[in-house]
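# A look at the structure
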Amino acid sequence: MPELEFVNVRKSYKSPTGENLLALADFSLKVDGGRFVSVVGPSGCGKTTLLRMAAGLVPWDGGEIRLDGDQLTGPSPKMSMVFQAIGLMPWKSVQSNVALGIQLQAHRRNLTAQETDLVGATLAMVGLKGFEHYYPYQLSGGMQQRVGLARALVRQPEILLMDEPFGALDAQTRAVLQDELLSLWGRVKSTVLFITHDLDEAIYLSDLVVIMGRRPGRIKQVLEVKLPHPRYSYDARAEAGFAHLRSIAWQSIKEEL
Ligand SMILES: Nc1ncnc2c1ncn2[C@@H]1O[C@H](COP(=O)(O)OP(=O)(O)OP(=O)(O)O)[C@@H](O)[C@H]1O
Ligand SMILES: [Mg+2]
């Protein structure tokens, strides 16, 4: 599985009044192939910016982003992103929203028979078999989020970039989707870079939790989560190691708020 590396990445934006706003300063992080890495940090510290750069959606000003050692210069077919706002097309059915993942990548409208099968299989994988012809407004929030996930997975990415995918969901739906994601990850074996505000979510899902400081974003602390996988096969949240990590992470984050 490919690894993703940020090396001294620097990114500024122009504010509406024309000033430079430094979003990320000398940000370095290596995401090893096949690992699940979460990033937490205060609002506005540059988390979404990181993912958008990796997805090739925004340029950066300095440093390098490397995919398997090669400099990244634009969007790579090896990566796909699940956005902070799901962004489903309300006028398209579930099936068509997922097909869009392929159409945008292939730059064509018509799917091959094999691709159509892949859309169906991906929807089944995220638990939406039977809902292919529904429209987004006919789905619950959790189901909409599954469509967003399917749209990313249908491209069969080797690296999955996820920006607070469960942020808008209630606690129970969120816990269910976390387990589904871990189970999917166990099957597709992709590398995951996952952004969240929720420390418990970060610890529960990840091999590594990266804590960022205030803008301009840089890494403050990296915590390794050694709890065995799959975490849904036992009560991982009740482990002493879990509480210990949460306490360390919370101390670290609190200083940044
Ligand atoms: N297109 C843009 N133009 C100007 N400034 C931007 C743009 N996008 C982001 N920024 C600024 O860059 C900083 C980082 O934004 P970013 O969205 O990466 O933060 P974030 O860590 O994802 O925050 P949150 O946790 O609230 O989602 C913010 O100060 C934001 O105002
Ligand atoms: Mg964000």
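Below: a short report on this structure. Predicted model only: the values in this text are computed from it and were never measured. (Residues numbered from 1 in each chain as written. Chains lettered and ligands numbered in written order. Predicted model: local features only at pLDDT ≥ 70, side-chain atom pairs only at ≥ 80, totals over all residues.)

## A short note on the site of ligand 1
Put simply, the rule is: A molecule or strand has a residue near it when that residue's C-beta atom, placed from backbone coordinates, lies within 6 Å of it. Runs of E in the DSSP output that reach at least two residues are strands. Runs of H or I that reach at least four are helices, and both are numbered from the N terminus. Nonpolar residues are Ala, Val, Leu, Ile, Met, Phe, Trp, Tyr, Cys and Pro. Charged residues are Asp, Glu, Lys and Arg, and all others, Gly as well, are polar.
The immediate surroundings of ligand 1 are formed by Y13, L21, A23, S43, G44, C45, G46, K47, T48, T49 and R215. Mapped by element, the contributors of at least two residues to the shell around ligand 1 are β2 (20–31) and α1 (47–54). The element that contributes the greatest number of residues to the shell around ligand 1 is α1, accounting for three residues. Split by residue class, the shell around ligand 1 holds four nonpolar, five polar and two charged.

## Some thoughts on the sheet that holds strand β1 (residues 4–14)
This is how the line gets drawn: We treat two strands as partners when DSSP finds at least two bridges between them.
Within the open sheet, the four strands sit side by side as β2-β1-β4-β5. Their pairing is antiparallel. Two strands lie at the open edges of the sheet, namely β2 and β5 (70–71), each paired on one side alone. By the bridge criterion, two bridges tie strand β4 (residues 62–67) to β5 in an arrangement that is antiparallel. Its bridge partner lying in β5, R66 is registered against Q71.

## Considering the environment of G130
Put simply, the test is: For every residue, the other C-beta atoms within 10 Å of its own C-beta are counted; 20 or more classify it as buried, 12 or fewer as exposed, and values in between as partly exposed. C-beta atoms are placed from the backbone.
For G130, the location among the structural elements is in the loop between α3 (113–125) and α4 (141–153). Note on G130: 10 C-beta atoms within 10 Å, which makes it exposed.

## Quick word on helix α5 (residues 171–188)
Which entries qualify depends on this criterion: Expected helix span is given by 1.5 Å per residue-to-residue step, counting one fewer step than there are residues. Throughout, the arc means that of the directions going from the helix axis to the C-beta atoms.
Taking 1.5 Å per residue, 18 residues should reach 26 Å; α5 reaches 25 Å between its end C-alpha atoms and fits that length. Along α5, the residues that are buried comprise R174, L177, Q178, L181 and L182. Axial view of α5: buried residues confined to an arc of 145°, hence all on one face. Opposite the buried face of α5, at more than 90 degrees from it, the exposed residues are Q172, G186 and R187. In the segment just after α5, K189 is the residue with positive phi, at about 60°.

## Focus: the packing of helix α2 (residues 94–106) against α3
Heads up, the rule is: Interaxial angles span 0 to 180 degrees and are taken between N-to-C directions of axes, which are lines fitted to C-alpha atoms, for helices over the stretch in contact. These descriptions rest on fixed angle ranges, namely under 35 degrees for roughly parallel, over 145 for roughly antiparallel, 65 to 115 for roughly perpendicular, and the rest for oblique. Whether a crossing is left-handed or right-handed is set by the direction in which the near helix is turned from the far one by less than a right angle, anticlockwise for left-handed and clockwise for right-handed. Residues are scored as being in contact if the C-beta atoms we place from backbone atoms lie within 7 Å.
Following both chains from N to C, one finds α2 and α3 inclined at 120°, their axes separated by 10 Å at the closest point. The orientation of α2 with respect to α3, classified from their angle, is oblique. As α2 runs across α3, the sense of the crossing is right-handed. The segment α2 lies against α3, with V94, Q95, V98, A99 and I102 engaging E115, V119, T122 and L123. Here the contact of α2 with α3 is composed, by residue class, of six nonpolar, two polar and one charged.

## Observations concerning the nonpolar core
Inside soluble globular proteins, nonpolar side chains tend to come together where they are buried. Our working definition: Each nonpolar core reported here comprises buried Ala, Val, Leu, Ile, Met, Phe, Trp, Tyr and Cys residues connected via C-beta atoms within 7 Å. Just so you know, the domain bounds were taken from an automatic or database domain assignment.
One finds A54, V98, A150, L161, L193, F194 and V209 to be the most contacted residues of the largest nonpolar core, which totals 63 residues. Shared between two domains, this core holds at least three residues of each, these being domain 1 (1–78 + 158–257) and domain 2 (84–156). If sequence neighbours within four positions are ignored, L193 has contacts with L4, V31, V37, L51, A54, I159 and L161.

## What to know about unusual backbone geometry
Peptide bonds are mostly trans, and most non-glycine residues show a negative phi. Cis geometry is found at the peptide bond from R215 to P216, where omega equals -5°. Locating P216 in the fold gives a position in the loop between β9 (208–212) and β10 (219–224). Cis peptide bonds are those with omega within 30 degrees of zero, and the linkage from H229 to P230 qualifies with -10°. With respect to the helices, strands and loops of the structure, P230 is situated in the loop between β10 and α7 (240–254).

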